[in-house]
Amino acid sequence: MYKERPNYDENRKPTWLSNMLFFVWMCCLLPLTSVAQTLSVSGVVKDENNNTLPGVSIIVKGTKVGTVSDIKGYYSLKATNSNAILVFSYIGYETLERPIGGSTTINVVLQTKSSGLNEVVVVGYGTVKKGDLTGAVAQVKMADLEKAPVKSFDDALAGRLAGVTVTANDGQPGTVNNIVIRGAGSVTQDNSPLYVVDGFPLEDGANNSINPSDIASIDVLKDASSTAIYGARGANGVIIITTKRGKNGPPVISYDGYYGIQKNQTTQALMNPYEYVRYQQEVNPANVAALYFNNGQTLDSYRDMVGLDLQKQVYQIGSSQSHSLAIRGGNDKTRYSISGNVLNQQGVIINSGFKRYQGRISLDQNVSAHLKVGANVNYSNSVSSGTIVGQSPANSSVTVSLLYAVWGYRPVSGNGQAIDDDLFDPAIDANLNSDYRVNPIISAQNELRRATVNNLIANAYAEYQIIPDLTLKVSGGITNNMLRADAFNNSQTSSGNSRNVNGVNGSIYYTPVNTWLNENILTYKKTFRKDHVLNILGGYTMQGNTSGTNGYFAINVPNESLGLDGLDESPSITATSISSRWGLASFLGRLNYTYRSKYLLTASFRSDGSSKFAKGHQWGYFPSAAFAWRMSNEDFMKNIAFISDSKLRLSYGATGNNRVGDFAYLSQINFPASSVYSYNNGTPLKGTTLAAIGNPNLKWETTLQANIGYDLSLFRDRIGLTVDVYRKTTHDLLLNATLPYTTGIGAAFKNVGTMQNQGLEFTLNTVNVRNKSFSWSSNFNISFNTNKVLALTENQTSLKSSVNFSSGWNDNPAYIAVVGQPVAQMYGLLWDGVYQYADFDKTPQGKYVLKDNISTNGNDRSIIQPGDIKYKDINGDGVINSSDFTVIGRGLPVHTGGFTNNFTYKGFDLSLFFQWSYGNDLINANRLIFEGNGNANRNLNQFADYADRWEPDNPSNTLFRTGGQGPTYFSSRVIEDGSYLRLKTVSLGYNLPAQFVKALTIRSARIYVSGQNLCTWTRYSGPDPEVSVRNSTLTPGFDYSAYPNPRTIVFGLNVSF
Amino acid sequence: MKKKYILMMLLLTSISSCKKLLDTTPTDFISPEAYYQNADQLQVGLNSVYDSMAGTLVYGSIYPYYFNTSTDLEHNKTVTTGSIVYQYDPSDANIASLWRGIYAGIERDNLLLSSIDQPKMDETKRNVIKGEALFLRGYFYFLLVTNFGDVPLLITPTASVVDVSVPRTPTKDVYAQILKDLTAAETLLQTQTAASLGYSGKITKTAAEGMLARVCLYMSGYPLNDHSKYQGAYNWAKKVVDSKEHSLNPDYTQIFINYAQDKYEIKENLWELEYWGNNTGGVNEGSRYTGQWAGILCMDQSKGYSNGLVNTTRKLFDSYGVDPRSTTTPNKASLDLRRDWNCANYTWGSTATATRANNTNPWTMCSGKWRREYELLTPGDKNYTPENFPVIRYADVLLMLAEASNEINGPTQEAIDAVNLVRRRGWGKFSKGEGIKTINVIAGGAGYTTVPIVAITGGGGTGVVAVAKTTSGKVTSVAITDQGGGFTSIPTITFTGGGGAGATASATLTLITDADLDATQTASPDVFRQAIKDERGRELCFELLRRPDLIRWGNFVADMKDFGAYAKANGATTVAMTAPADNVAPRNLLLPIPTHDLSVNKALTQNPGY
């Protein structure tokens, strides 16, 4: 945001920026001014728009002689001889070389760098110039990302990068997004990428602990050539996060703060009292007569009544505020950065939110000409609180979910009295129909759910130049992550009320995860005979991890007023105590060879030894190679003026995935509370449970990936295009493979199965307009990935997965992975509308009997009536059962992408970011319950559209009659297109005019208004298409009682002093 | 040079520490190889095998409810589709659960048995644990073979997860292993008896003997039809009887009240599965079946919640016969006290506060065997009860003895006596004793303007309700609506009140033999066989023996079809009542092998018809 350069005219005084640079360069040059003087050269440096450029560094190539341009762009220096070359360099501009050639006046025009082939890209264990890149690496435009008012970078990452799919489970405050790079490689194991934060590899990121405004760059390594250096952990891609460090110059104090609101975007339309009572009359006439038709009331009495809608009470206007303060600066020897952030989000559902206090210090010190040391410490304390709205119900009853109770709440009491004052609605008894709901508002206000995370990341390094071309970098670090999860359910909550045998209950669990790291890397850089550039890197690293969970769960807590502190008074406390550990030792090496910046070769190798496997299988070897041909440097293309860069990249390599239990190779027995037996009515005695059958032959899962990429840059980088095609095949999957139950266990880890992902990624950056006062630039990216399971275990042809939803449905798998097809597809019956009268024969007694040639719906033929739900009988046997299940939906999108447009006009800047997902389906399980009452609960309100259900005089073919829902099956009725286009981020800013800013003695100031999740175009009927409340590789896109993604609008201020 | 040395040092220290780094040891769990080192650890291993047997997947819920509540004696209240009513295919979740639960138990058992000789310990203790473990493995396989037919027979723990394809072993060979395990168990458990334990929740010598009788009886019937095994069944049953360890509880209802109240009846029960507590604090040791699904409908948790889903059939209700003198409507009283216990003639209603409501329709009566209203534990869990389940009772042993004996020698006195013993207990002969059978008017007297009170004095009994009838001032007859009990001698009958005088009457007592089978029922092996079958239904209904009994008797499908016709002709009105008989087909003699295993065990084959 400081990159906008003010325009200068001759009379203007230099701004802080040029001042600073001038100062720095003066400092640098002071000792050099005594060099012998032979030739005097001077001139003026200007930009393309004919503005003078102050602060440009001008140096005599190969010497330490140099100067900087003054405020009028003027420079002068003394060169040693007339053959010398002057090098003009300035941040944001292309470096220019000019031979003196005897001239005494050299005026130059510097070209702005737009995408910039000289920009540095962070890769594993080093950096590389973008132009020299051989692999597929995507770089986040931090300037765009920073415009989104989010708690962590992953909240704003979706749609930013081709090949990087980011999905939210739902909008629960504090949750971290699911990031999958180039499709899921593992079937049953975690597919999230490896995070490398300031060089520290973290298998489960620390996204919530990092302040997005501390991030200097995010680079995503996608192909095997770039990820193989991370060997056994590279197969899911690598996200490298580099935080801001101090720069040479006087202290810069910057403040970035915003405050705004969060708001729920959609509410469900529910039946009004008239429709509700009319519906209940059909569900249970006796019940309705008693509840609603007393005191002479009739159905008509409810006609114009306004109903109670608890959505108005459960949703609130939330708030979001963040304040970041940083001071950064430094000199030749020492560079420092100190920053802190306070963030507070109040959720759009009552009593929920996320809070964070975070601080970071980094220090870099040049100890001597050969030795550089540095350290970096980040600490954060974050608290996520509130009822977990989309969580899977522990007792597998949908009725405990928060939004179940909200949507299903009776809109009217029948006796004129309020029904939202007490926890229990007298008409709803948990004992009837297993309906456990209580007043969701009271419950949500009383429930304590608090996850406190204290996270410390501390790294230090020492870099020693052994000889000029050879550097040793030794670094080490720790990350300590301590999660404390508190839960307390007092008597006014859904799980702690008097109807529950556990009574008032609560739990405290601590989950510490500690990782240490040591890395020792040697880097050798040498240019031979001008044309041959060699960069060799070798090293070994060690990493160790310990983790655990300990805590306890207490029931029937006698004094609820004491809250968590009263848990110890419970007569029954269940303790948990778990610990585990792993170690990883690795040797790595990489060779980069460049010939005339034309032919680029990268070969890398990593060998990882992991404690997660048995001896003899611990070491895995992961080689890769890449070749790039920069044809724009070939003679035939050099002269094509409009081509700035043209590069073809090829890469192939092997990477691994280590996401398997720490001791999966061992058989395990344990003694859980569930495996006990009581003899003689005594307290149950412990029993052994076979928790896992070990597989001593377990080894690394290997992903082979081929990538072909092409980079094209036209018209001096005004158009930049990157296209990548890839195919990655994961072999010897670390599959939690289905075992015959005869083994005594349902699954064990085996290296079996194969999965393939292939795809196309396309990124286009354009500068559409760029002139003095107005600029417009765009970024468009789209990724296609197709996934295919090639093999599973033994002769298994499909793997079915259930989601924890509701007991009736849990027995029916909602998802299936079929060999030869994508890993996640929705599975169930094909819905065929509603039975109409024509499907029945009418008996003389006036009964309707289903015609023999019409299939049942899973119910017994004799009880099916007109208006019941109808399914397609795939096997034609006349009855519907699990043999008629088929694939009914697509879990994965055809393509995803994003489209960013940035405009500047004078001091104003506007950024519009659209993001989409196309072709994926969702299971809208809300409709199973609220569009036809799949569990046949009484006193349960329904969505408004169900008022238009099938009735004898309303032959609906979409909404079955009351009670016509049939057995608990998933069907294509509730599979919906989950495609969406979302205006994800809009930011409008104004840079206060320089004079005004100066008057306030500040360096720059920008005020802005920024919005997140502003508008969504979708055909999905649920609250939000960005949803996956039971998310896993096998079960994406399930929607039930999801916390809605809020719309956020904030007003903010960036200032630097 | 100095630099080089430093580098070398660094490298060397790192490589040596790297070896240590990769050598991690788990601290949170134990490998099976490292366990079973002492007597206590063997016992812990054994506990988990019992837990598998009693757990949700086997006896705790799946096996009883989904596979044993649709016979000619019982049906589900509401369910019209799915495994309960014989609608299942290989992908059925409940079938997979049952299979999984049993094999999980077998694996636990095999782990234990493979290490049983490992610890140095007291041999007697070892023998007991080994005996129990062998029994349980044998019984698991008995459940498998009776439900699935040929099954993979695994008697060592799973050695590898890579090679998991195991073919099915023929039924005959599975039975051979069962006999081997149970016989070995019986030998090892010579010192463990119900009396020595004081409770019946563990396998004892007589439990093994009783179970051997059952296994032999099943081998004698369908599908093996190995009639030579009748002798084995007889011998083992006889061994239980002769052990004098067991006798019938005098009061049939008390057996089940005891389950509700967590009391043991070591005489009646050879082995009961223990359920415990109210499923709080993560310990889920309750039963979903006893008293809950198979319980008296009640939505009031303070009374003992029950869904009341397992209902009786008229066939069961009518099988107990009626007291011909009874005048109650619509159902006459029965002299067989088991009827009104097994067929609950009331519910507690579907309201939050229990309200007793009579139910006179034998098609909708709840199974009354386990009654939560007797539970002592408070608060009780809504869905799970602490009520034990009897896997084998002494009454069953007596009836098996009779059945085997009849097949070998026809209706011997020993066999008849065994059946009659069960019947006498059912009629309350040991609990209520004898009552008044008739009151015969000797002299009518005169002048009775109203009906006089029939006074019964002496004889030692109580509880008789007798009503006189008068015509023209004379007492003409006395009707007995409750015969009372406890009479040891004939009481004196007098008439008081009614304005008249002079009426006299004499009483006759009921006889213990009233409950006995009559001569026609023991006239031939065939009729006696039928009598035993019927008696098993009356005595053992809801104890999960009916379906396997019908199958081993060899006429399951036809019996169910006959029942279906009977049901439709005798008041069965709902699909839930008739669906089981309608759906049953020859393939239902066996459950299908679950798809789950078929898809990952290349050596498996499917049962016919699936």
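Residues numbered from 1 in each chain as written. Chains lettered and ligands numbered in written order. Predicted model: local features only at pLDDT ≥ 70, side-chain atom pairs only at ≥ 80, totals over all residues. Heavy atoms only, no water.

(A) Local environment of the overall build of chain B. Counting its secondary structure elements, chain B contains 20 helices and 14 strands. Dimensions of chain B, computed from C-alpha atoms along their principal axes, come out at roughly 140 × 55 × 50 Å. Within the span of chain B, comprising 610 residues, buried residues form 59% of the whole. Taking as baseline every contact in chain B between residues at least 6 positions apart, the subset at least 24 positions apart corresponds to 72%. When the accessible surface of chain B is totalled, it reaches about 22100 Å², and 56% of it is carbon and sulfur. Charge separation in chain B, taken as the distance between the mean sites of 58 positive and 60 negative side-chain charges, equals 3 Å. (Helix = DSSP H or I, 4+ residues; strand = E, 2+ residues; numbered from the N terminus. Buried < 20%, exposed > 50% of the residue type's maximum accessible area, 1.4 Å probe, protein only. Contact = heavy atoms within 4.5 Å. Areas by Shrake-Rupley, 256 points an atom, 1.4 Å probe, with all protein chains shown as cover. Lys, Arg positive; Asp, Glu negative; His and termini not counted. Charge placed at Lys NZ, Arg CZ, Asp CG, Glu CD.)

(B) Structural detail: the packing of helix α9 (residues 205–220) of chain B against helix α10 (residues 229–243) of chain B. All names here are of chain B. Relative to each other, α9 and α10 sit at 160°, their axes nearing to 7 Å. Between α9 and α10, the crossing angle belongs to the class labelled roughly antiparallel. The handedness of the crossing between α9 and α10 is left-handed. Listed contacts from α10 to Lys205, Thr206, Glu209, Gly210, Leu212, Ala213, Cys216, Leu217, Met219 and Ser220 of α9 are Lys229, Tyr230, Gly232, Ala233, Trp236, Ala237, Lys239, Val240 and Ser243. Class assignment for the residues of the contact of α9 with α10 results in 10 nonpolar, five polar and four charged. (Axes fitted to C-alpha atoms, helices over the stretch in contact; angles between N-to-C directions. Parallel < 35°, antiparallel > 145°, perpendicular 65-115°, else oblique. Left-handed = near helix turned anticlockwise from the far one by under 90°. Nonpolar A, V, L, I, M, F, W, Y, C, P; charged D, E, K, R; others polar.)

(C) Region of the structure containing the interface of chain A and chain B. Opposite the 88 residues of chain A that make contact, chain B presents 85 residues. Summed over the shared surface of chain A and chain B, the result is two salt bridges. Lys615 of chain A is paired through a salt bridge with Asp23 of chain B; the nearest N and O atoms lie 3.0 Å apart. Across the contact surface, chain A and chain B share 28 residue pairs in polar contact (both at pLDDT 80 or more). For the side of chain A that touches chain B, the per-class residue count stands at 36 nonpolar, 43 polar and nine charged. (Salt bridge = Lys/Arg side-chain N within 4 Å of Asp/Glu carboxyl O. Polar contact = N/O pair within 3.5 Å; in protein donor to acceptor, adjacent residues only side chain to side chain.)

(D) Geometry of the nonpolar core. Judged by nonpolar contacts, the single largest core of 149 residues is most densely connected at Met53, Tyr59, Phe135, Tyr139 and Trp271 of chain B. Looking at this core element by element, the count peaks at 14 residues for helix α6 (residues 123–148) of chain B. Non-local contacts of Tyr59 of chain B, meaning those with residues more than four positions away in its chain, are made with Met53, Ala54, Pro64, Tyr139, Leu143, Leu273, Tyr275, Phe389, Val391 and Leu544 of chain B. By size, the runner-up hydrophobic cluster in this structure holds 43 residues, among which are Leu310, Val406, Ala814 and Tyr1040 of chain A. (Core = buried A, V, L, I, M, F, W, Y, C linked by side-chain atoms within 4.5 Å.)

(E) Spotlight on the side chain of Lys382 of chain B. As for its placement among the helices and strands, Lys382 of chain B is situated in the loop between β7 (366–367) and β8 (389–393). At 2.9 Å, the side chain of Lys382 of chain B forms a polar contact with the side chain of Tyr436 of chain A.

(F) Main features of the pairing of strand β41 (residues 815–818) of chain A. Residues and elements named next belong to chain A. In β41, alternate side chains face the same way, and those of Tyr815 and Ala817 on one face and Ile816 and Val818 on the other are all buried. Relative to β41, strand β40 (residues 798–801) is paired through four bridges, and the arrangement is antiparallel. Along β41, the bridge assignment pairs Lys800 with Ile816. Pairing of β41 with strand β42 (residues 825–828), which is carried by two bridges, proceeds in the antiparallel orientation. Residue pairing in the sheet places Ile816 in a bridge with Gln825 of β42. (Pairing = 2+ DSSP bridges.)

(G) Representation of the sheet that holds β42 of chain A in the model. All names here are of chain A. Read from one edge to the other, the open sheet built from four strands follows the order β40-β41-β42-β47, with strand pairing classed as antiparallel. Two strands in the sheet have a free side with no partner beyond their single neighbour: β40 and β47 (886–890). Along the sheet, successive strands turn relative to each other by an average axial angle of 40°, direction set aside.

(H) Up close: the sheet that holds strand β51 (residues 975–977) of chain A. All names here are of chain A. Taken in spatial order, the three strands of this open sheet run β51-β50-β54, and their pairing is mixed. Unpaired on one side and paired on the other, β51 and β54 (1038–1039) mark the two borders of the sheet. The sheet contact formed by strand β50 (residues 921–924) and β54 spans two bridges and is parallel. Looking at β54, one finds that Ile923 is bridged to Phe1038.

(I) Inspection of the packing of α6 of chain B against α9 of chain B at higher detail. Residues and elements named next belong to chain B. The geometry of α6 relative to α9 is characterised by a closest axis approach of 12 Å and an angle of 25° between their N-to-C directions. For the element pair α6 / α9, the angle class is roughly parallel. Remark: the crossing between α6 and α9 carries left-handed chirality. Between α6 and α9, the residues in contact are Phe135, Tyr139, Phe142 and Thr146 and Ala207, Ala208, Met211, Arg214, Val215 and Tyr218, respectively. For the contact of α6 with α9, the class distribution of residues is eight nonpolar, one polar and one charged.

(J) Summary view of unusual backbone geometry. The linkage connecting Thr329 of chain B with the following residue, Pro330 of chain B, adopts the cis geometry, with an omega of -10°. Within the secondary structure layout, Pro330 of chain B lies in the loop between α12 (314–319) and α13 (338–342). Following Thr378 of chain B, the chain continues to Pro379 of chain B via a peptide bond in cis, the omega torsion being -10°. Mapping Pro379 of chain B onto the fold places it in the loop between β7 and β8. The phi angle at Asn681 of chain A is positive, at roughly 60°, despite the residue not being glycine. Even without a glycine there, the phi angle at Ser1041 of chain A is positive, about 45°. Considering the arrangement of structural elements, one finds Ser1041 of chain A in the loop between β54 and β55 (1047–1056).

(K) A look at the side chain of Thr347 of chain B. Residues and elements named next belong to chain B. Along the chain, Thr347 falls in strand β5 (residues 346–347). On the basis of relative accessibility, which here comes to 13%, the residue Thr347 falls in the buried class. Reaching out from Thr347, the side chain makes a polar contact with the backbone nitrogen of Gly349 at a distance of 3.1 Å. For Thr347, the contacting residues outside a window of four places in its chain are Ile296, Leu297, Thr355, Arg356, Ala357 and Cys366.

(L) Local environment of the confidence of the model for chain B. When the pLDDT values of chain B are averaged, the result is 94; 97% of them are 70 or greater. Model confidence for the complex: the whole-complex pTM is 0.87, and ipTM, which rates the interface, is 0.93. (pLDDT = per-residue confidence, 0-100.)

(M) Region of the structure containing the packing of aromatic side chains. Applying the stated rule across the entire model yields 73 aromatic pairs over all chains. Their ring planes at 50° and their centres at 6.5 Å tell us that Phe663 of chain A and Tyr665 of chain A sit as a pair that is tilted. Under the relative-accessibility criterion, Phe663 of chain A is labelled buried at 5%. Taking the centre distance of 5.0 Å and the plane angle of 75° together, the rings of Phe805 of chain A and Tyr1040 of chain A count as edge-to-face. In this pair, Phe805 of chain A sits in the loop between β40 and α10 (807–810) while Tyr1040 of chain A sits in the loop between β54 and β55, placing the two residues 235 residues apart along the sequence. Residue classification places Phe805 of chain A among the buried residues on the basis of a relative accessible area of 0%. Residue Tyr1040 of chain A is classed as buried on the basis of its relative accessible area of 1%. A cation over an aromatic ring shows up here: Arg371 of chain B above the ring of Trp341 of chain B, its NZ or CZ 3.9 Å from the ring centre. (Phe/Tyr/Trp six-rings, centres within 6.5 Å; stacked < 30°, edge-to-face > 60°. Lys NZ or Arg CZ within 6 Å of the ring centre and 35° of its normal.)

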